[in-house]
Structure formats: structure tokens, C-alpha cells
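# Coordinate inspection notes
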Amino acid sequence: MKNPNRFIMLFLISILCLTNNNYSQWMEVYSKYDYRVNALASIGSDLYACVNFSMNFKDGSTSFLLVSVDNGKSWNEVNKGFTKNRIYSLYSTGSSLYASDLKELLYSTDKGKSWQAVDREKVAKSNSQSKYVMGNNIFKNTDDGIFMSTDNGNTWSSISNNLPEKKFSVFDIMDNTLFAGTKGKMYRSTNNGQVWISASKGLPDSYPNNLIISGTNLFLNIYGIFISTDTGDNWIDCSAGIKGFSETYKVIDDLIICNDHLFVASMSSIYRRSLSNILMSDATTSELCIQKGNEKFGLKDAEGAIAYYTKAIELNPKYDIGYQNIGFVKLNLNDYKSAMEEYEKAIKLNSNNYEAFGGRGIARLKTKELFGYIEAIKDLNKAIELNPNMVIAYYHRAYAKFLSNDKRGAIEDYDKTISLAPNDPGVYHDRGYVKLDLGYIESAIIDFDKAIQLNSNFPMAFFNRGIAKYKLSAKQDACKDWEQAAALGLTQASDYLKEHCK
């Protein structure tokens, strides 16, 4: 899979809105008429929800706390009536819970069973400073703008003077990037607020209520649920599938990530959706699915890569690259039979897919079945016919020819491989091995020298160079090479030392 145009990691995101509800898999895990779910929080894997009895939120209405320990499948009441006011926010610090209404801030150290009022300003300030720390700098978001301290909070300076707004409803940090949001606008800064860049494409003209950062992904509650996987350059609405939503009426009171799921409080219901499912929703064409799958494969996430490639095929059943790339993943998982089946599907759809021919040839070669190399050579021949510069095809055809006793043909293919990829130590080693087998000892040593020059920790290159030197009666030099190979962990070299270097 060396073709940069067909299998390369591209860090792109779709700029299209998700309109296909087949990939909208929100599950309603709580719903009760005439109740409203106001806020969500988590402690470890336990999910908490603050619910208000009256949807009118008048004085005298009752707030109570629910907990789920099974990812929202069931809910138990923790405390009923701990305040007569509507709870607007619920959050955790360690094993403690905070619940805030318009009049007071409540605090619980026993996971919501009992509550007491605390100093709102003191706790809020402490929580803000502990949350917005980046390196040696501390950040806080106030009604007068965003401020930074470089001396542990003793002095503060504004970093939002060059922004058109002063009051931001959300603020958070991803690695070394600051994010701030106000009505219909998100901004980001990578230099501590000296320069802010708009990051609002795809957002509605409304105030964001929550911003969650998970890894390199942004989740925003702004008149719906929006996700960005490219640091805010593009946003996609992922709200489709939540009951009661319309283009003119979208209400989300809170959202939180817990147990690899996004939980959403919307009116009287709580919804759940897996993060992997949401992140797939930003790929709305087969090409984008392939790009996302390549990214997953680059992160060694084989399951995630196959999921995107499968989605590419679902969007376009005649898309041969989807099958081709699934074959490639299967090949890397050593599932050679499945890999051949996927490559076969790609070839049936596109008889000019040289990567599929090459991949199937490699899979056939690696099955180690008797005479499998003969069929492998046929596939690799076809791949090279379609693409005369397919390095990996020459390399594996060389090995197949060696197995079929065409050793000079193997050397020719290794020569071609080296002409296309001159800095691969493995190719020099393999060519040297074939030369050694043919009796071209001095030429083999030159190849082993080159392999070691390119990779000084190549035990097989030292081992085989030792064999070549031993054949030339250079026993002392051979023993030195075997010692180096043994030091690099090759037990076979230790056996040679015992037998030939006493």
C-alpha cells in the first residue's frame, strides 16, 4: 500500500452536514414526562443526573439526584428534594459533587447522599484555576474577558482585548490551544491569546452552553450537538435522532462523556451515543471514509479502520478501494485467507486495481501453502504490469522466485526494488542472502555491509555476514559478527559461536 494517492493518512473532516440518519444512533436511556433533566456529571464510571420535578421551575419544585452504574441502562434515586430550586449545573471534582442553582452552591462528599452550602466564589475560583492550567500559565474566563496569569495567580492580564466580544459562555484548552465561544462564534489561539482565529464554520447563531474536549475532538452544545475533529475549522451537527428536535426547536441542557459515550440531557430525556459512532458521522462520502480509515490504521486501530472502510462500501457498494483496504488491514493482522477474499472482491470490481493484485499475491505467498508462490507470482506479475514502479510487488516477487528456485530472477527483482527504494536495509540483506546461496560470497558481503550501514541493529545481517566470512576462512571476523548478532538477541548466533568459535 505505497501509493500515496490511494492509501495515505489525510487529516481531513467533511464540511457537509450529516443528513443520513442510518448513522444517527442515539439511544434514549431515560425519559419521564413532566420532569426535566437539568445537568449531568460523572465520578469514575458512575453517571449522575439532576432532575427537576416541574418543567416550570417555580419555587417549590423539587430537584433530585439519579445515578446509573450501568451506562444508563438503569437509574436509581440518590437524593430527593435536596433543594427547592432548579439546579443549573452539576460537576465533580475527584469524588465530590457540586450542584449550583441561582441562589447557592451545594457540595457533597458522599456521592450525593447529603449536601451542604459552600462559598460559591471560593469553590468556583479554585475549580476554574485547576481546570484551565497549561504549562506554567493559568487561565480564567470571566464576564470581563479571558485572563492569564504567569505567576501562579498573583497577577492577571487580559488576553482577549483583540476579540470583538468580552463575555464568553465556554472556554477550554486542548494541548497548547485555547478555545473560547460566544454567540455563533468559536475562537482558538495557539499563542496564549496573542492571536485568535475564528473556528466557527458550520455553527448556528446561538450561544454555546458546553464545550467538551476529548483527545483531539471537540463537542459543543450550541442549539444542538456539534463535533469538530480539526480543531474547529469545521463543525458538523450530530443532533439528528434525538426526539423532539426540529430546525426551530433544539434544547440541550447538558452533555458529558462517560465510559466512551456521549450523554445528552434534552428536556425530559437522557440520550446516549458511542463516541466511535459519532466520530464516524463526519465522513459522509466514500472518499472521506477511506481517509478516516487510513488515519485509524496509522494509529494502529485496525478495528476502527475496518469500520470506516466498511462504511465506504455501504455508501458506494462498487467502491473497490474499500475492499482493497480491508484486505490490507487483514493482511497486516496475518489473516491471509480473509485478506485474499477482500482483494478478490476489489479485483472483480476493478480489474486494473494493481494494489489489490499485489496484496492478494502477498497474501498467497504468506500462506506458505505448497506451490502458493506460483499463484503469488501470477498476481505480482499482474500488479507490476499495471504499475511498473510498485516496489512492494518486486520485493515479494523476488522472494516468491527464490522459493521457486529462480534465484537469479530473485536477484533481478531485488535489484529493481533497490533502484526504487535505495535505503531499505532489509532488501540489501535479502539480496545478499540469495547471493550467498548462489556462492557469490564477496558480493553477498557487500550487501550485508550496506544493510548494517543502514541499520546497525540488524542481527540477521551480522549473522549472515559472519557465515559469508567463515566461508572465506575469515574465522576471527566471522566470530565477531556472530558475537554482535548474539548481543542483539539472535539465539542462532549463540549456537554458531559455541560450535565454530571455541
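The preceding data block contains the structure.
Cut-off values and rules
- Residues numbered from 1 in each chain as written.
- Predicted model: local features only at pLDDT ≥ 70, side-chain atom pairs only at ≥ 80, totals over all residues.
- Heavy atoms only, no water.
- Helix = DSSP H or I, 4+ residues; strand = E, 2+ residues; numbered from the N terminus.
- Buried < 20%, exposed > 50% of the residue type's maximum accessible area, 1.4 Å probe, protein only.
- Contact = heavy atoms within 4.5 Å.
- Areas by Shrake-Rupley, 256 points an atom, 1.4 Å probe, with all protein chains shown as cover.
- Expected span 1.5 Å × (residues − 1).
- Salt bridge = Lys/Arg side-chain N within 4 Å of Asp/Glu carboxyl O.
- Phe/Tyr/Trp six-rings, centres within 6.5 Å; stacked < 30°, edge-to-face > 60°.
- Lys NZ or Arg CZ within 6 Å of the ring centre and 35° of its normal.

## Looking at the overall build of the chain
- When its secondary structure is counted, the chain shows 15 helices and 24 strands.
- In the chain, which comprises 502 residues, the proportion classed as buried is 52%.
- Taking all contacts inside the chain whose residues are at least 6 apart in sequence as the whole, residues at least 24 apart take part in 47%.
- About 24,200 Å² of surface is accessible on the chain, with carbon and sulfur atoms providing 48% of the total.

## Some words on helix 3 (residues 286–298)
- Along its 13 residues, helix 3 runs 18 Å from first to last C-alpha, staying within 8% of the 18 Å computed at 1.5 Å per residue.
- The complete set of buried residues in helix 3 reads S286, L288, C289, I290, Q291, K292, G293, N294 and E295.
- Contacts made by the buried residues of helix 3 are with helix 4 (302–315) and helix 5 (320–332).

## Section: the pattern of salt bridges
- One pass over the structure, following the stated rule, counts 18 salt bridges.
- A salt bridge links D253 to R36; its shortest N-O distance comes to 2.9 Å. Within this pair, whereas D253 is found in the loop between strand 21 (236–237) and strand 22 (254–258), its partner R36 is found in strand 2 (residues 36–43), the two being separated by 217 residues in sequence. Residue D253 shares its accessibility class with R36, and that shared class is buried.
- One network of salt bridges, with partners in common, ties together E344, R360, R364 and D379.

## A closer look at the packing of aromatic side chains
- Scanning all chains against the criterion turns up 12 aromatic pairs.
- Centre to centre, the rings of Y98 and Y107 are 5.1 Å apart; their planes meet at 35°, and the pair counts as tilted.
- Note on W482 and Y496: the rings are 5.2 Å apart at their centroids and 65° apart in plane angle, and the pair reads as edge-to-face. Here W482, found in helix 14 (residues 475–487), pairs with Y496, found in helix 15 (residues 491–500); they are 14 residues apart in sequence, far enough to count as distant.
- Overall, W482 belongs to the buried group, its relative accessible area being 1%.
- Given a relative accessible area of 25%, Y496 falls into the partly exposed group.
- A connected cluster of aromatic rings, assembled from ring pairs, spans F463, Y470, W482 and Y496.
- Above the ring of Y35, the side-chain terminus of K32 is found at 4.6 Å from the ring centroid.
- Just above the ring of W156 sits the side chain of K140; from NZ or CZ to the centre is 4.3 Å.

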